[in-house]
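Survey of secondary and tertiary structure
Spelled out, the chains give:
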Amino acid sequence: MTSTELCYSPATKLIPLIRSKKLSPVELMKAVLERIEKVNPKLNAFCTSTITADDALKGARAAEQAVMKKKKLGPIHGIPFSIKDLAFTKGVRTMSGSHIFADRVPDHDAPFVRRLKDAGGILTGKTTSPEFGWKALSGCPLTGDTHNPWNLAMNTGGSSAGAGAAAAAGLGPLHQGSDGAGSIRVPSSFCGVFGHKPSYGRVPQWPVSNNDYTTHNGPMTRTVADSALMMSIMAGPDDWDRTSLDAAPEDYVGKLNRGIKGLRVAWSPNLDNLPVDPEIAAVVKKAVGAFKELGAKVEEVQTKFADTHDMIRIMWGAHYAGAWGSYLPKWRDKMDPGFVACIEDGLKVSVAEYIDMRGKKIIHWDSVRPLFEKYDLLLTPSVSVAAFPLGRLNPEHWPQHAWDWLPWASFSYPFNFTGQPACSIPAGFTKAGLPVGLQVVGRRFADLTVLQAAAAFEKARPWQDTRPEVD
């Protein structure tokens, strides 16, 4: 394989090559680091790769020696992986996209980082995020814009912006994202990669996000099998996160390809009332046909979910105001203006208003539950639009606001509120060549079913060999 082919190869193909001594972890790491050095200046997907490169090569040499000495190898031995800038990494800057923490170097890894390392993975660097992950777009005052590999003038989506760009551009096989209101699924849709938001608590986090149990950590990869592999390592209870689920992960790898024949699948083109660009709607509707071909029983439905328009806006602003509002007096001029506007609106929310909305959020599940008592899966568009130009908070033809980007990304957050597993699958392209995502939502805790559905779709509508021309 050429160096570029190595970089685009999924981990599931690289692992047996390393174990059989047909591929050196050093050769693989050099290829990935050289590609990051070459392509990252165009994309700005990584924000600490130059700092971690030496350690990554050192880790690759140690991995090579372990293979040669026939030591016990972890499931991703010698495989490069990246971590989003919001997640703590021991000895590596975790800036959260903010000048406030530009020099922060944690002394502990988040649990899933520790697990990826213990499994033999090698950290290549941290990927970009908007300031504290506040928006579903790239761009922040500290690390700048991240460019979409399919069109460098377009946004990647966010907040897992760098992870989406890195996965699409072949900057290594495994990337971690986090999702509080779509931050895995939006960039996966915009960048044409697979992203899985696990059930809440399936992948433990630390520090635990103070946003009422809406942050989910998960994989972003070019293939479903690579995400299933990452999930098998990242998932499982951990005492560092008291909200983590008290259950071992299912056999995501071994049971991945069992198909979806006979499953009852609901299809909602707009969650009853969300606007969707016509071109997006057409691509997603065509993709839904694959589920019928695969033997699932697909029915178009009216979801009848409770209205959450005000709920997300009040709670989103209030959470950021509570977490970061105290930094405004000192740091306002160095913060993202949209983020400041969001915090200022959040500071206006009274305790009574917040508690009222939190109660409605809990009750919201009662409007979602009936659909999943009847159906195994729900299909929707991942996002209402394709990627749009950098520098914009909303597409030009959509309503404008000082901070509210949620209207075009409203397929995501209802399932952060419920904690259900959901993924974005590459479903096709617009006429302009921009990726379009299909969202698959599962029943509570049914991550395996979501991954199986994605794997079946991937086989029926393969996308992983389609690459952006970013070299």
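Just so it is clear, the structure is predicted and the values come from calculations on it, not from any experiment.

**Some remarks on the pairing of strand S1 (residues 80-84)**
Each regular strand shows side chains that alternate between the opposite faces of the sheet. The element S1 is largely enclosed, with a buried count of 5 among its 5 residues. Burial along S1 is two-sided: the residues Pro 80, Ser 82 and Lys 84 and Phe 81 and Ile 83 are all buried. Read as a crossover between parallel neighbours, the route from S1 over helix H5 (residues 111-118) to strand S2 (residues 122-127) is right-handed. Where S1 and strand S5 (residues 174-179) come together, 2 bridges link them in parallel fashion. The partner of Phe 81 across the bridge, within S5, is Leu 174.

**Some points on the packing of aromatic side chains**
Counted according to the given criterion, the structure contains 22 aromatic pairs. Put simply, the rings of Phe 101, Phe 132, Trp 134, Phe 190, Trp 316, Tyr 320, Trp 324, Tyr 327, Phe 339, Phe 388, Trp 405 and Trp 408 pair up and form one aromatic cluster. Geometry around Phe 101 places Arg 104 over its ring, the cationic atom sitting 4.1 Å from the centre.

**Some remarks on the layout of surface pockets**
When its volume is computed, the largest pocket comes out at roughly 680 Å³. Elements represented by at least two residues in the lining of the largest pocket include exactly S5 and helix H10 (309-324). Ranked by residues supplied to the lining of the largest pocket, first place goes to H10 with 5 residues. A class-by-class count of the residues in the lining of the largest pocket yields 13 nonpolar, 14 polar and 3 charged.

**A short note on the side chain of Glu 131**
Here Glu 131 is to be found in the loop between S2 and strand S3 (147-148). As a buried residue without a salt bridge, Glu 131 has its nearest oppositely charged side chain in Lys 135, at a separation of 8.3 Å. With near-sequence residues (within four places) excluded, Glu 131 lies in contact with Ser 96, Gly 97, Ser 98, Cys 140, Pro 141, Met 335, Asp 336 and Phe 339.

**Remarks on the sheet that holds strand S7 (residues 216-221)**
Strand pairing in a sheet relies on backbone hydrogen bonds. The paired strands run either parallel or antiparallel. A sheet is described by the order of its strands in space; here 10 strands give the open sequence S2-S1-S5-S7-S6-S11-S12-S10-S8-S9, paired in mixed fashion. What marks the edges here is a single partner per strand, and that holds for S2 and strand S9 (297-300). For this sheet, the mean angle separating the axes of adjacent strands, direction not counted, is 25°. Contacts from H5 reach S1, S5 and S7 within the one sheet, and its direction differs from that of S1 by about 175°.

**What to know about empty space enclosed by the protein**
Applying the stated criterion across every chain yields a total of 3 cavities of 30 Å³ or more. Of the voids in this model, the largest cavity is the one considered here, and its volume is about 60 Å³. No other element matches H10, which puts 4 residues into the lining of the largest cavity. Residue composition of the lining of the largest cavity, by class: 4 nonpolar, 4 polar and 2 charged. Of the volumes computed, that of the second largest cavity is approximately 40 Å³.

**With respect to the nonpolar core**
The biggest cluster of nonpolar side chains holds 136 residues, and the ones touching the most others in it are Phe 291, Trp 405 and Trp 408. Sequence-distant contacts of Trp 408, that is, excluding residues within four places in its chain, are made with Ala 136, Leu 137, Val 186, Phe 190, Val 383, Ser 384, Val 385, Phe 388, Leu 393, Asn 394, Pro 395 and Trp 398. One finds Leu 274, Leu 371, Phe 411 and Val 441 within the second-largest nonpolar core, a separate group that totals 14 residues.

**Describing the packing of H10 against helix H12 (residues 337-346)**
Across the interface, H10 lies against H12 with an axial gap of 7 Å and an inter-helix angle of 100°. On the basis of their axis angle, the class for H10 and H12 is roughly perpendicular. The residues of H12 that touch H10, namely those facing Trp 316, Gly 317, Ala 318, Tyr 320, Ala 321 and Trp 324, are Phe 339, Cys 342, Ile 343 and Gly 346. Grouping the constituent residues of the contact of H10 with H12 by class yields 8 nonpolar, 2 polar and no charged.

**A word on the environment of Ala 60**
Along the polypeptide, Ala 60 turns up in helix H4 (residues 49-68). A relative accessible area of 0% places Ala 60 in the buried class. With 20 residues separating them along the chain, Ala 60 and Pro 80 place their C-alpha atoms 8.8 Å apart. Not counting residues up to four positions away in its chain, the partners in contact with Ala 60 are Pro 25, Val 26, Met 29 and Ile 122.

**Here we look at helix H13 (residues 351-374)**
Taking 1.5 Å of rise per residue, 24 residues should cover 34 Å, and H13 covers 37 Å from first to last C-alpha, within 8% of that figure. The sharpest bend along H13 measures roughly 35° and falls at Val 368, with the proline Pro 370 sitting one to four residues further on. When H13 is considered as a whole, its buried residues turn out to be Tyr 354, Met 357, Lys 361, His 364, Ser 367, Val 368, Leu 371 and Phe 372. Buried positions along H13 lie against strand S8 (264-267), H10, strand S10 (377-381), helix H14 (414-417) and strand S12 (435-442).

About the thresholds
Residues numbered from 1 in each chain as written. Predicted model: local features only at pLDDT ≥ 70, side-chain atom pairs only at ≥ 80, totals over all residues. Heavy atoms only, no water. Buried < 20%, exposed > 50% of the residue type's maximum accessible area, 1.4 Å probe, protein only. Helix = DSSP H or I, 4+ residues; strand = E, 2+ residues; numbered from the N terminus. Right-handed = clockwise from strand over helix to strand, strands pointing away. Pairing = 2+ DSSP bridges. Phe/Tyr/Trp six-rings, centres within 6.5 Å; stacked < 30°, edge-to-face > 60°. Lys NZ or Arg CZ within 6 Å of the ring centre and 35° of its normal. 1 Å grid on protein atoms, 1.4 Å probe; cavity = no way out; pocket = protein on both sides within 12 Å on 5 of 7 lines; lining within 4 Å. Points joined across faces, edges and corners; volume = space filled by probe spheres on them. Nonpolar A, V, L, I, M, F, W, Y, C, P; charged D, E, K, R; others polar. Lys, Arg positive; Asp, Glu negative; His and termini not counted. Salt bridge = Lys/Arg side-chain N within 4 Å of Asp/Glu carboxyl O. Contact = heavy atoms within 4.5 Å. Axes fitted to C-alpha atoms, helices over the stretch in contact; angles between N-to-C directions. Core = buried A, V, L, I, M, F, W, Y, C linked by side-chain atoms within 4.5 Å. Parallel < 35°, antiparallel > 145°, perpendicular 65-115°, else oblique. Expected span 1.5 Å × (residues − 1). Bend = angle between axes of the 7 residues up to and from the residue.

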